[in-house]
Amino acid sequence: MLNKQLKLILVSTPIGYLGSGKGGGVELTIISLIKGLISLGHKITLIAPKGSTLPFKSELLEIRLIDGIDQPSWQHQNKTDPVLIPSKSVLPKSWEVVIDIANESDAVINFSYDWLPLWLTKVQPIKIFHLISMGAESIIMKEIISEIGQLFPYQLAFHTKSQSKDYSLKTDPIIVGNGFEMENYFFNKNENGPLGWAGRIAPEKGLEDAVKVAKDLDEKLLVWGLIEDKEYASKIEKSFTKETIDWRGFLPTNKFQEQLGQCRALINTPKWNEAYGNVIVEAMACGVPVIAYDLGGPGELIEDGFNGFLVKPNDIEGLIKATKSISEIKRKNCRDWFEKKATNKVFAERVEKWLEKGLNKKSLQSCKIN
Ligand code: UDP
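Remember, it's a predicted structure, so these values are computed and weren't measured experimentally. Residue numbering note: each chain is counted from 1, following its sequence as written. The predicted nature of this model means local features are confined to residues of pLDDT at least 70 and side-chain atom pairs, given and counted, to a pLDDT of 80 or more, with totals for whole chains, interfaces and linings taken over all residues. Think of the side-chain values as coming from all heavy atoms in the structure, minus any hydrogens and water.

(A) Structural view of the side chain of Ser164. The helix count covers DSSP runs of H or I at least four residues long, the strand count covers runs of E at least two residues long, and both are numbered beginning at the N terminus. Examined against the element boundaries, Ser164 turns out to sit in helix H5 (residues 161-164). Only protein chains enter the accessibility calculation, which uses a 1.4 Å probe; a residue whose area is less than 20% of its type maximum is buried, one above 50% is exposed, and one in between is partly exposed. Owing to a relative accessible area of 4%, Ser164 belongs among the buried residues under this scheme. When residues no more than four places from it in sequence are discounted, the contact partners of Ser164 are Phe158, Leu169, Pro173 and Ile175. In what follows, a contact means two residues having at least one pair of non-hydrogen atoms within 4.5 Å.

(B) Summary view of the packing of helix H2 (residues 90-101) against helix H3 (residues 115-123). At their nearest, the axes of H2 and H3 sit 10 Å apart, and the two run at 30° to each other. Considering the relative orientation of H2 and H3, their crossing is right-handed. Contact with H2, carried on its side by Leu91, Pro92, Trp95 and Ile99, involves Leu116, Pro117 and Leu120 of H3 and no other residues of that element. Classification used: nonpolar for Ala, Val, Leu, Ile, Met, Phe, Trp, Tyr, Cys and Pro, charged for Asp, Glu, Lys and Arg, polar for all others including Gly. Looking at the contact of H2 with H3 residue by residue, the classes come out as seven nonpolar, no polar and no charged. Only the contacting stretch of a helix is used when fitting its axis, a line to C-alpha atoms as for every element, and angles between N-to-C directions run 0 to 180 degrees. Throughout, a crossing is termed right-handed when the near helix is turned clockwise from the far one, and left-handed when it is turned anticlockwise from it by less than a right angle.

(C) View of the sheet that holds strand S11 (residues 290-293). Following DSSP output, two strands are said to pair if at least two bridges run between them. Pairing within the open sheet is parallel, and its six strands lie in the order S9-S8-S7-S10-S11-S12. The open sheet has two free edges, formed respectively by strand S9 (245-249) and strand S12 (308-311), since each of these has just one partner strand. With strand direction ignored, the average angle separating the axes of adjacent strands in the sheet is 25°. Bridge count for strand S7 (residues 195-198) against strand S8 (residues 221-224) is four bridges, and the pairing is parallel. Across the sheet, Leu195 pairs through a bridge with Leu221, a residue of S8. Sitting on the sheet, helix H6 (residues 207-216) touches S7, S8, S9, strand S10 (265-268) and S11, and the angle it makes with S8 is about 160°.

(D) Representation of helix H13 (residues 344-360) in the model. An expected span of 1.5 Å times one less than the residue number is assigned to each helix. Over its 17 residues, H13 runs 24 Å from end to end, which matches the ideal 24 Å to within 8%, given 1.5 Å per residue. Taken residue by residue, H13 has Asn344, Val346, Phe347, Ala348, Val351, Glu352, Trp354, Leu355 and Gly358 as its buried positions. For H13, the secondary structure elements touched by its buried residues are strand S1 (7-11), helix H1 (25-39), strand S4 (107-110), strand S5 (128-132), strand S6 (156-158) and helix H12 (331-341).

(E) Main features of the site of the ligand. Consider each residue's heavy atoms; a residue with any of them within 4 Å of a molecule or strand counts as near. Neighbouring the ligand are 17 residues, the closest being Gly25, Arg200, Lys205, Leu251 and Glu282. A distance of 2.7 Å separates an oxygen atom of the ligand from a polar atom in the side chain of Arg200. The term polar contact refers here to a pair of N or O atoms within 3.5 Å; inside protein, the definition further demands a hydrogen-donor-capable atom paired with an acceptor-capable atom, and it admits residues adjacent in sequence only when both atoms are side-chain atoms. Contacts to the ligand include Val279, whose backbone N or O atom sits 3.3 Å from an oxygen atom. Elements that contribute at least two residues to the shell around the ligand include exactly H1 and helix H9 (278-285). The leading source of residues in the shell around the ligand is H9, at three residues. Grouping the amino acids of the shell around the ligand by side-chain chemistry returns seven nonpolar, six polar and four charged.

(F) Layout of the pattern of salt bridges. What counts as a salt bridge is simple: a side-chain nitrogen of Lys or Arg found within 4 Å of a carboxyl oxygen of Asp or Glu. Taken as a whole, this structure holds 16 salt bridges when the rule is applied. A salt bridge links Glu274 to Lys205; the shortest N-O distance between them is 2.9 Å. Highlighted residues: Glu274 in the loop between S10 and H9 and Lys205 in the loop between S7 and H6, separated in sequence by 69 residues. Across the pair, exposure class does not vary: Glu274 and Lys205 are buried alike. The partner of Arg335 in a salt bridge is Glu339, and the shortest N-O contact between them spans 2.8 Å. A residue pair is termed a helical-turn pair when its members lie 3 or 4 positions apart in one helix, as Arg335 and Glu339 do in helix H12 at four residues. Since its relative accessible area comes to 10%, Arg335 is described here as buried. For Glu339, a relative accessible area of 36% translates into the label partly exposed. Connected through salt bridges with shared partners, the residues Arg200, Glu204 and Glu228 form a single ionic network.

(G) Representation of the nonpolar core. Nonpolar core, defined: a set of buried Ala, Val, Leu, Ile, Met, Phe, Trp, Tyr and Cys residues in which side-chain atoms within 4.5 Å join the residues together. Counting 55 residues, the largest nonpolar core has Leu207, Leu221 and Val281 as the members making the most contacts within it. What Leu207 contacts, discounting residues up to four positions off in sequence, is Trp197, Ile201, Leu221, Val223, Tyr232, Ile236, Trp247 and Thr269. Counting residues in each nonpolar core, the second largest holds 33 residues, with Leu10, Ile34, Leu37 and Leu61 among its members.

(H) How the structure looks around the pairing of S10. Judged by which residues are buried, S10 turns out to be covered on both faces: Ala265 and Ile267 on one side and Leu266 and Asn268 on the other are all buried. Of the pairings in the sheet, the one linking S7 to S10 comprises two bridges and is parallel in character. By the bridge assignment, Gly196 is partnered in S10 with Leu266. Relative to S11, S10 runs parallel, the two sharing three bridges. By the bridge assignment for S11, Leu266 is matched with Val290. As a crossover connection, the stretch from S10 through H9 into S11 is right-handed. The definition of a right-handed crossover adopted here requires that, viewed with the strands pointing away, the path from the first strand over the helix to the second runs clockwise.

(I) Local environment of the state of the cysteines. The rule for a disulfide is simple: a pair of cysteine sulfur atoms within 2.5 Å. Enumeration over the complete set of coordinates arrives at zero disulfides. This cysteine, Cys263, is not joined by any disulfide, and Cys286 carries the nearest cysteine sulfur, 9.2 Å off. Residue class for Cys263 comes out buried when judged on its relative accessible area of 0%. Of all cysteine sulfurs, the one in Cys286 lies closest to Cys334, which takes part in no disulfide; the gap is 10 Å. Take Cys334: its relative accessible area is 0%, and that puts it in the buried class.

Listed below in structure tokens is the structure:
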């Protein structure tokens, strides 16, 4: 633990306000990390879109809300698309505030997967750290992240190694994982519950594969998550009978974990290089084993045969076989894994180490920016 209090500015995702669900896993990451950093004694200023709320208050926390239009998410654009900034966008407005107050802080941590804050790292004297939340979903993003990774390697961190491999980095990537508040998740020992799936309802999350498993086993699949792509959701609904999917909606964490904890397994079926997979760890925190495609983050969270099973991507038969064997996994192993590797305390400590390293290192920038 650092023996100095850091004054940190955390900049939230510009995709949606905290609590909207539009920001996906990043929303929970920010909230858990703030709590963890405060418990380590650091002072936080959070810059977030108007409407954002946090489930706690602290004397060490100040929130600045910014009014503006949401950014479009990169995962739903083509790889070659250029950078978009809508009129009255919340993104540049947020960074105007950051630049205005940055000299009162030790560091800025950016959570937005966007070109502008990465580019600012090259032209602003302030130390901007970036927790990269996705794999390379666009060429321009891949270019700027790889460039910052070469110039300021200690100011970039990733959730998993698999995610970082999407970028061209000069040095070993800094991996900080992720973390969740232990007190928010309750261990449920019931081994005989239903099957579950959770995530944004969008093509890259592959819900249809989990529904196929439930259908094959003649069971219902409980589904939680924000319907981000309505067309995709209705296509899935039409392809299966009503008995197969039980839509539970997008729930706040306390209700989500309570229902999730009743499952005998969570099925996780990403179709992209999943940067981490919050729902996997949230399930494990409740004692629920996870069966997931070995694609990105899940491969680093699931220890095959210990806290779940890993299956080749797109292998529905493999998912079915693993689901039939799920009683082999001890639910206690899942909770133990979570407590050891992914509480917000251990996450905040990893982030603190990252900041310490970045604040002490000079950049590898060999030439001045003109
Ligand atoms: N989630 C939630 N309520 C729900 C279903 C999901 O709050 O009913 C949250 C969940 O806690 C997680 C996020 O949605 O933090 C999904 O994040 P994940 O990393 O799994 O995927 P992403 O959306 O970032 O791709």
